Amino acid sequence: MAELMKTLDKILKEHFERADTRQQKRKDADEDYDEEVEESLLDEDDEDVYILSKVSDLMHALFGTHKVDFFPYFEQLLPHFVKLLGTERPWSDRQWAICIFDDVIEFGGPAVIKYQEIFLRPLLQYLLDPQSEVRQAAAYGAGMLGQFGGTDFAQPCAEAVPLLMQIINAPDSRSPENINPTENAIAAVAKICKFNSSLLNLDEILPHWLSWLPVWEDEDEAPHIYSYLCDLIEANHPSVLGMNNANVPRIVGVIAEVFVRDVLDKDSEIRTRILNLVRHIQSNAELFNVCITQLNPEQQLALSTALNQ
C-alpha cells in the first residue's frame, strides 16, 4: 500500500506541474495565438482529465474494500485533493475531487465528520456550479451525506435541500446537458428525506418531490427514487397520496411511464413492489378506472403488459 500511495502522490504532483506548464504556455501565447499549440494543449488537458478519472476509480475501489481503515493512507494524499477542490481549479479538477470525497462519505460513514471542514462547504457550493458535471458530482455527494453521514450532518443536509431544488427547478433542468445533475438532485432529496430528515418538514417537501417524477435517464439513481416512492405509498403517507387519494392517478401515471421507459430491471425487487402497489389500487375498480383514463395509449399498454407478465 505504501508503494501505491507513493505512486499516486507522484501522479498528482505531476498533474499540477503539467497544468501549471500549460497555463504558462497559454499566457506566453496570448500575444501570438497559435491554433496548433492550443489544440495540443487541449489534448494534454483531456489526457490529464482521464488520468484523474482513473485516480478517482482507484480511490473508489480502495475505499470500497477498506472503508475507514483506508483513512490513514487517504490522508497522505489529502493535500492534493484539497488543492483539486479549489475554486480556481479547472472544472474537471473540481469534479473529480468531489467524486473522491463522495466516496469518502459513502464508505466512511459518520466517521467522515473528521474531514467536514475540508469538503462540506465546497460540496454545498458546487451544487450551483455552472458546469453540469460538477453539479452532478456535488448532488450525488449530498445524497451520500444524507444516506451515510449520520445525524451529525442533519444541518448540512437541510441546507442542501433548497440548493438541490434550485438545480431541479431551473428552466433548462431537463435539457440533455442538465438531465443527469437534475436526476441526481432528485435522488439526493429522496435519500435525505429517507435517511436524514430530522430538520426538514417532509409535508412541505414531498409534494414537490412527487411533482419531479418520473425520472428515467439515470439507471443507477432510479432505483433509489422509486424505492422511496414505494416506501411512502406503502406507509400511506398523506403528503404523497393526497387528500382522499387525490394524487393516486398522478402516481399511477408516474408508474406507467416507468414501464414505458423500461427504467427498472425485470427481476428487481422495486419493480415487484411497484406492481403490487398497482394491483392494490386495481382492487378499487372505480379509482383504478379514473387512473387508467388519464394515461395515454402507450402508458396504458405498458402498464397492462407489466401487470400481466
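Structure first, text after, so check above.
Bear in mind the structure is a predicted one, so any value in this text is a computation, not a measurement. (Residues numbered from 1 in each chain as written. Predicted model: local features only at pLDDT ≥ 70, side-chain atom pairs only at ≥ 80, totals over all residues. Heavy atoms only, no water.)

Brief notes about the overall build of the protein chain
The helix and strand tally for the protein chain stands at 15 helices and zero strands. With the C-alpha coordinates of the protein chain rotated into their principal frame, the extents come out at 75 × 45 × 35 Å. Residues classed as buried in the protein chain amount to 50% of the 309 residues present. Restricting to contacts in the protein chain with at least 6 residues of sequence separation, those with at least 24 account for 70%. For the protein chain, the accessible area works out to roughly 15300 Å², and carbon and sulfur atoms hold 50% of it. Charged side chains in the protein chain number 25 positive and 52 negative. The centres of these two groups are separated by 4 Å. (Helix = DSSP H or I, 4+ residues; strand = E, 2+ residues; numbered from the N terminus. Buried < 20%, exposed > 50% of the residue type's maximum accessible area, 1.4 Å probe, protein only. Contact = heavy atoms within 4.5 Å. Areas by Shrake-Rupley, 256 points an atom, 1.4 Å probe, with all protein chains shown as cover. Lys, Arg positive; Asp, Glu negative; His and termini not counted. Charge placed at Lys NZ, Arg CZ, Asp CG, Glu CD.)

What about the packing of helix 13 (residues 269–282) against helix 14 (residues 285–293)?
The N-to-C vectors of helix 13 and helix 14 enclose an angle of 115 degrees; their axes lie 7 Å apart at closest approach. Taken together, the residues of helix 14 that come into contact with helix 13 (itself represented by V278, I281 and Q282) are A285, L287, F288 and C291. Split by residue class, the contact of helix 13 with helix 14 holds six nonpolar, one polar and no charged. (Axes fitted to C-alpha atoms, helices over the stretch in contact; angles between N-to-C directions. Nonpolar A, V, L, I, M, F, W, Y, C, P; charged D, E, K, R; others polar.)

So, the packing of aromatic side chains
Taken as a whole, this structure holds eleven aromatic pairs when the rule is applied. Relative to F70, the ring of F63 has its centre 4.9 Å away and its plane inclined at 85 degrees; by these criteria the two rings are edge-to-face. Side by side, F63 and F70 carry an identical accessibility label, which is buried. For the ring pair F119 and F153, a centre distance of 6.3 Å and an interplane angle of 35 degrees mean the geometry is tilted. Of this pair, F119 sits in helix 5 (residues 116–125) while F153 is found in the loop between helix 6 (132–148) and helix 7 (154–169), placing the two residues 34 residues apart along the sequence. By the burial criterion, F119 is buried, and F153 matches it. Chaining the aromatic ring pairs together yields one cluster made of F63, F70, F71, Y73, F74, F81, F101, Y115, F119 and F153. In this structure, K83 is placed above the aromatic ring of F16, and the distance from its NZ or CZ to the ring centre is 4.3 Å. Positioned above the aromatic ring of W216, the side-chain terminus of R261 is 3.6 Å from the ring centre. (Phe/Tyr/Trp six-rings, centres within 6.5 Å; stacked < 30°, edge-to-face > 60°. Lys NZ or Arg CZ within 6 Å of the ring centre and 35° of its normal.)

As for the pattern of salt bridges
One pass over the structure, following the stated rule, counts 16 salt bridges. When the shortest N-O distance is used, the salt bridge between D57 and K54 registers 3.2 Å. Of this pair, D57 and K54 both sit in helix 2 (residues 35–66), three residues apart, which is roughly one turn of the helix. Between R94 and D129 there is a salt bridge, with the nearest N and O atoms lying 2.3 Å from each other. Remark: D129 occurs in the loop between helix 5 and helix 6 and R94 occurs in helix 4 (residues 91–108); sequence separation between them is 35 residues. Per residue, the accessibility class of R94 equals that of D129, and both read buried. (Salt bridge = Lys/Arg side-chain N within 4 Å of Asp/Glu carboxyl O.)

A look at the environment of I255
Structurally, I255 is set in helix 12 (residues 248–261). Considered as a pair, I255 and I274 are 19 residues apart in the sequence and their alpha carbons are 7.4 Å apart. If we skip the residues at most four places from it in the chain, I255 touches I274, V278 and L303.

Focus on the nonpolar core
M59, F74, F81, L164, W209 and Y226 are the most contacted members of the largest nonpolar core, which totals 102 residues. Residues contacting L164, with those up to four places away along its chain left out, are L127, A139, A142, A185, A188, V189 and I192. (Core = buried A, V, L, I, M, F, W, Y, C linked by side-chain atoms within 4.5 Å.)

Observations regarding a negative patch on the surface
On the surface, E35, E39, D43, D46 and E47 cluster together to form a negatively charged patch. Residue position: E35 is located in helix 2. (Patch = residues over 30% accessible without salt bridge, like charges linked within 9 Å, V, L, I, M, F, W, Y side chains within 5 Å.)

Concerning unusual backbone geometry
Cis geometry is found at the peptide bond from L213 to P214, where omega equals 5 degrees. Look at N244: it is not a glycine, yet its phi comes out positive at around 55 degrees. Along the polypeptide, N244 turns up in the loop between helix 11 (238–241) and helix 12. Look at N244 and you get exposed, because its relative accessible area is 72%. The phi torsion at D262 lies on the positive side, around 55 degrees, for a residue other than glycine.

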